[in-house]
Amino acid sequence: MKIKIMTWNTALTEGSNVDDVLNYIKDFLKEDNTIAVLQQIPYKDPKKRWAESASYRSFVEAFPETAYKVFNKWGTEIMYTVIVTKMKNVAEAAGIETTNREVAVCVDGSIVIYGLHAMSREYNKSYLQSLNSVQADILLGDFNAGDYAECENKSTFRGILKNHVCICNMPTKEVRNGDSVTRRTCIDHIFVKRELITRCSELCVCEDIKYSDHYPITFSIEIDKQ
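These figures come from a predicted structure and were not determined experimentally.

## A look at the packing of aromatic side chains
- Taken as a whole and assessed by the stated rule, the structure comprises 13 aromatic pairs.
- Taking the centre distance of 5.3 Å and the plane angle of 70 degrees together, the rings of Trp8 and Tyr24 count as edge-to-face. You can see Trp8 sitting in strand S1 (residues 2-9) and its partner Tyr24 sitting in helix H1 (residues 18-28), a full 16 residues away along the chain. Each of the two residues, Trp8 as well as Tyr24, counts as buried.
- Put simply, the rings of Tyr43, Tyr56, Phe59, Phe63, Tyr68, Trp74 and Tyr80 pair up and form one aromatic cluster.
- Residue placement shows Lys44 over the ring face of Tyr43; its charged tip is 4.8 Å from the ring centre.

Quick look at the structure:
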């Protein structure tokens, strides 16, 4: 069975393009056997005395439990990593500890997917190193680091997940000054366990989608049917 996965930092905490972002995700999930791994989904709004954010309410309305499976750890934090799918054979992965920054699911009892939004700045190095202990077949999301010259933690990034292959290490985020793009950075990645690489195909960085400062990334993988 082939499944198609999207990872995307939606930047919904910025409060703009909410409808465009949600509709793009819904259109992606209309296809059979699709999974969306989403970062920066807001929950609480610190500017409104920590009430539920308007973006969160729109997200919940867009993905009701009657039609979708939504995996997350809603709590008191500002932003979250969330996995959304219509697939019935996706369940929360057992034995993997997560915070609001991570979600782990198991597909068909076969493949474990670990979505993440890494910590940034001085906390990024230790966060990247901690990923070496995660038992998952696919780790993907916003790593806030990459193997490029401007990245202060590039050597740490190169040293993580030695049993996996990074199949996406290209520009995925725009750094903007108003309407102008000043540079692009390589901080969103997909790591796949080495023995599963030949099952992967159709990697696409969707540079034409400008609803966030990050591009959606999609790829397909064949999994064993249990």
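## Some remarks on helix H2 (residues 54-62)
- Every buried residue of H2 is listed here: Ser55, Tyr56, Phe59 and Ala62. Down the axis of H2, the buried side of the element spans an arc of 125 degrees, and every buried residue falls inside it.
- On its buried side, H2 packs onto H1, strand S2 (34-42), strand S4 (51-52), strand S5 (69-71) and strand S6 (79-85).

The rules behind these values
Residues numbered from 1 in each chain as written. Predicted model: local features only at pLDDT ≥ 70, side-chain atom pairs only at ≥ 80, totals over all residues. Heavy atoms only, no water. Phe/Tyr/Trp six-rings, centres within 6.5 Å; stacked < 30°, edge-to-face > 60°. Helix = DSSP H or I, 4+ residues; strand = E, 2+ residues; numbered from the N terminus. Buried < 20%, exposed > 50% of the residue type's maximum accessible area, 1.4 Å probe, protein only. Lys NZ or Arg CZ within 6 Å of the ring centre and 35° of its normal. Arc of directions from axis to C-beta. Contact = heavy atoms within 4.5 Å.

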